[in-house]
Structure formats: C-alpha cells, structure tokens
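Each chain, letter by letter, is given below.
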Amino acid sequence: MNVPFVDLKRQYHQLKPEMDAAIHQVIDELAFIKGKHVSDFERAFENLYGVKHCIGVANGTDAIFITLKMLGIGPGDEVITVANSWIATSETISLTGAKPVFVDVDEYFSIDAQAIEGKITLKTKAIIPVHLYGQMSAMDEIMELAEKHQIFVVEDCAQSHFSSLNGKRAGTIGVAGTFSFYPGKNLGAYGDAGAIITNDDALSEKLRMFANHGSLIKHQHQIEGVNSRLDGLQAAILRVKLDHILDWTAKRQGHALAYDEGLRNVIGVEVPKVRSNSEHSYHLYVIKAERRDELREYLKSKGIATGIHYPQPLPLLTPYASMGHQESDFPKAVANRDTILSLPMFPELTVEERQYVIDKIAEFYC
Ligand SMILES: *Cc1c(COP(=O)(O)O)cnc(C)c1O
C-alpha cells in the first residue's frame, strides 16, 4: 500500500462539478482582480469567524508582513516569536526592519509563554504566537503579558484554521490573525492566497489600503503600499471549499483520535499532547519518535510518506547566524528537532490507510 502525506486530488475529485463551475464563472466574468468573488469570500470568512473584517491578500507571508507594517513596526523594534515555525514568521519581522527575538517551545510545540517575559525589552512592539500544527498557543498568558507591557499580539494562524481555545477561535484574540491558504493548508487555494482578520476598524482600513498600493479608491494613493491582493480565481475556489471546512476539520480530528488510540501504547512513540479546553485542527499530526530517522526510512520502504516540521529551529538557520544563537538557548526546540515526525494527515485519508500507518509504526518498534 502507498500512503501519501497529503493528496489534494481526492478533494478536487469530490468537488469537481461545483469547483469547475466556480472557476469558469470567474473566467467568464473576467473577475480576476478584486470584485465580487473576493468580497463574497471575505464576507463569508468574516461570518464564519464572527469578526468584523477579513482582508484577502496574496499569501500568508504577506498577511504577516502587512499586519506588522501597519501596526507601525519597523527599524529599532523587536518582535518576539517562537523558535519552531515556518520561516515566514520570522522573515516578515526582519522585512519590516525589526529584529526577531526567539523563544523556546512548550510541551504543545508552541511558544513557551513562561519564557516570554524575560525577552521583553523597551523595544518590544509585538508577540507573534504561531498556533503550530493546528493547536493554539497559551493565549490567556500571552494576552495578559501583552496587556501588561502594552504590546500587540498578532496570531499566525497559517496552520490553525478553525482551531479554538476556551471557545475562542484562532485569529480572534490578538489585534489580528493572519492566514495562509497555500494549497496544502487546511483551507487551501489552487495557488498562493492569504487573509488577515481583525475587529479593529482603523487597522482594517490601513491593511486594505497598504495591500493595494496604498489606495482604497482607484488612483487615490494615501500612502505607498504593496501589490498583495487575493485574486478572484483563488477567492472563488476558497469560497467553494469554505462550505466544507468544518466537515474536513472534523475528519482530521477523527484521524487524530484513531492515531492517538493506535499509537499511545507503542513504546518509542509519544502522541501529541492537546491543551485542555482547546480544539486542535490537526493541520499536522506530529509524534515524537525514538530513532526517528530509522523509523522514517522504514515507513518509506513500506510506502508511507512522512514529513519533518521543521528540520531546524528558526534561530539556528543560516539567515540568523549573525545573531549568534546556540543550540543550548533553545533546548526543547532542539530536542524536538531530532524526534518529531509528521504522519499522513488529510481529510480524505482512508481508515485502511490510517490503520496501515499505525500497524507499520507498531511493527517497527516491536
Ligand atoms: C504556510 C505558513 C506561512 C506562510 O504562508 P504562505 O501562504 O506560504 O506565504 C506562515 N506561517 C506558517 C506557520 C505557515 O505554516
């Protein structure tokens, strides 16, 4: 049997008639930039999240950059984020001219809220918690610190569509939440796409303006901005998918439960811990595994694809070498680096495939 890490074709085949119709409609209408399909998606996303504003942008990286920029973050400022994430999180901090300050992870693969305060200085302007793998960070503690020190919280929700903590969805707690709709994300476009959500009216206007060359009305430029718009085709595709996202999230959770049950008692494997009162959306199902690289090779030889998210903590990547970080500065992220393994996870995964993955992992350790 071959078990892919993710298979986007299965989803497309399920949606083909409505998806093809939506795509052709955009082309027939030549509604490529701005217009009805973009605003339809934005309004639907706002409604599902219960937030005042959704601003579609070109991708999830821009969503972070544009938000930081419009919060006034720039040279001389510091922004705190987590040692394990996709590089977009820290790259965008640097792109504003500010300095990324990294904090080690907690037992849920998120920023260690207890370690944040020690990194706050007079230059700190914001914290970017990343709800990694689909599980939310310790938002109560983070918001408390942010209020105490008067700094912004921008939630990186690229991996946490429709995750929640204490009944509050990812992206609705900080000043803004940034989303990626990269094809492989839980809500994925057929190309690059992203969005920002916020309840702040003034910020929303600035974000929309900056993402569109600094103008809300054609040829009336208030500021210099960038060209970062959600395009019509992607918006129409996302709108079709939005009607299915809660069902897909439930399917991911079902797979996770089965993995938990099947792997919990396998010696050598630690299943992911879930924070209490939180709903994990399982963008990724990440175990900690002894002899991880050997296990990965074994699974590969049995036709099972896996991933590592990520092979190196951000502060230890080449672009940050000049900051002089040591492995010992981030002991938990470094320990995870050598044990984490992401198993096949997508809504359309079959029960047989899932069981095959569980069986082969158990077989490796017995
Ligand atoms: C995917 C991702 C991004 C960037 O999104 P793009 O749409 O690829 O630009 C940012 N942060 C995290 C944690 C991600 O996983």
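Residues numbered from 1 in each chain as written. Predicted model: local features only at pLDDT ≥ 70, side-chain atom pairs only at ≥ 80, totals over all residues. Heavy atoms only, no water.

J.: Looking at this structure, I do not really get the sheet that holds strand β14 (residues 285-289). What am I missing?
T.: Across a sheet, paired strands are connected by hydrogen bonds in the backbone, their directions being either parallel or antiparallel. Read across the open sheet, the three strands follow the order β12-β14-β15; overall the sheet is antiparallel. At either end of the open sheet lies a strand with only one pairing partner, and these are β12 (269-270) and β15 (340-343). Sheet topology places β12 next to β14; two bridges connect them, and they run antiparallel. The partner of Val269 across the bridge, within β14, is Ala289. This element, helix α9 (residues 292-301), spans β14 and β15 of the sheet and lies at about 25 degrees to β15. (Pairing = 2+ DSSP bridges. Helix = DSSP H or I, 4+ residues; strand = E, 2+ residues; numbered from the N terminus. Contact = heavy atoms within 4.5 Å. Axes fitted to C-alpha atoms, helices over the stretch in contact; angles between N-to-C directions.)

J.: Help me out: how do you make sense of unusual backbone geometry in this one?
T.: Leave glycine aside and you will find that most residues have negative phi; peptide bonds, for their part, are mostly trans. Residue Tyr310 is bonded to the preceding His309 through a cis peptide linkage, with omega at 10 degrees. With respect to the element layout, Tyr310 can be found in the loop between α9 and α10 (331-337). Located in the positive-phi region is Asn166, a residue other than glycine, with phi close to 50 degrees. Within the element layout of this structure, Asn166 appears in the loop between β6 (164-165) and β7 (168-169). The partly exposed category is assigned to Asn166, whose relative accessible area is 41%. The phi angle at Arg291 is positive, at roughly 50 degrees, despite the residue not being glycine. With respect to the helices and strands, Arg291 occurs in the loop between β14 and α9. For Arg291, a relative accessible area of 44% gives the class partly exposed. (Buried < 20%, exposed > 50% of the residue type's maximum accessible area, 1.4 Å probe, protein only.)

J.: Can you help me understand the nonpolar core in this one?
T.: Note that soluble globular proteins tend to have their nonpolar side chains buried in a common cluster. Of all hydrophobic cores here, the largest spans 94 residues; its most connected members are Phe45, Phe181, Leu263 and Tyr285. Sequence-distant contacts of Tyr285, defined by excluding residues within four places in its chain, comprise Ala256, Tyr259, Asp260, Leu263, Val271, Pro272, Leu341, Ser342, Leu343 and Met345. Counting 23 residues, the second-largest nonpolar core is a separate cluster that includes Ile66, Leu71, Val175 and Leu203. (Core = buried A, V, L, I, M, F, W, Y, C linked by side-chain atoms within 4.5 Å.)

J.: Sorry if this is basic, but what is going on with the pairing of strand β5 (residues 152-156) here?
T.: It is a general feature of regular strands that their side chains alternate between the two faces of the sheet. Burial runs high along β5: four of the five residues are buried. Sheet topology note: the strand β4 (residues 124-128)/β5 ladder contains two bridges and is parallel. Within the sheet, the bridge partner assigned to Ile127 lies in β5 and is Val153. Between the parallel elements β4 and β5, the chain passes through helix α5 (residues 139-149) in a crossover that is right-handed. Relative to strand β8 (residues 176-180), β5 runs parallel, the two being bridged by three bridges. For Val154, the partnering residue across the bridge sits in β8 and is Ala176. (Right-handed = clockwise from strand over helix to strand, strands pointing away.)

J.: In this structure, what is going on with the pattern of salt bridges? I would like to understand it.
T.: When their charged atoms lie close together, side chains carrying opposite charge are able to pair. Within this structure, the stated rule accounts for 22 salt bridges. Of the charged contacts in the structure, one is a salt bridge between Arg43 and Glu42, with a shortest N-O distance of 3.3 Å. Exposure remark for Glu42: the relative accessible area of 4% places this residue in the buried category. Note that Arg291 is salt-bridged to Glu294, the shortest N-O span being 3.1 Å. (Salt bridge = Lys/Arg side-chain N within 4 Å of Asp/Glu carboxyl O.)

J.: Honestly, the packing of helix α3 (residues 60-70) against helix α6 (residues 201-210) in this entry has me stumped. Any pointers?
T.: Any two packed helices are characterised by the angle at which their axes cross and by the distance between the axes. Where α3 contacts α6, the two axes come as close as 10 Å, and the packing angle between them is 125 degrees. On the basis of the axis angle, α3 is oblique to α6. Crossing handedness for the pair α3 and α6: right-handed. Of the residues in α6, those touching α3 at Phe65, Ile66, Thr67, Lys69 and Met70 are Leu203, Lys206, Leu207 and Phe210. Taken together, the residues that form the contact of α3 with α6 break down as six nonpolar, one polar and two charged. (Parallel < 35°, antiparallel > 145°, perpendicular 65-115°, else oblique. Left-handed = near helix turned anticlockwise from the far one by under 90°. Nonpolar A, V, L, I, M, F, W, Y, C, P; charged D, E, K, R; others polar.)

J.: What should I look at first to understand the site of the ligand in this one?
T.: Near the ligand lie 14 residues; those nearest to it are Gly60, Thr61, Gln159, Ser180 and Lys185. Between the ligand and Thr61, the relevant distance is 2.5 Å, taken from an oxygen atom to a side-chain nitrogen or oxygen of the residue. Here the ligand loses 93% of its free accessible area of 380 Å² to cover by the protein chains. If you list the elements that add at least two residues to the shell around the ligand, you get α3 and α4 (88-95). When the residues that make up the shell around the ligand are grouped by side-chain class, the tally is five nonpolar, seven polar and two charged. (Near = heavy atom within 4 Å. Polar contact = N/O pair within 3.5 Å; in protein donor to acceptor, adjacent residues only side chain to side chain. Areas by Shrake-Rupley, 256 points an atom, 1.4 Å probe, with all protein chains shown as cover.)

J.: Quick question: what am I supposed to make of the sheet that holds strand β13 (residues 278-279) here?
T.: Across the sheet, three strands lie side by side as β7-β6-β13; this open sheet has antiparallel pairing. Every interior strand has two partners, whereas the edge strands, β7 and β13, have only one. The pairing of β6 with β7 spans two bridges and is classified as antiparallel. Each residue of the ladder has a partner; that of Ser164, found in β7, is Arg169.

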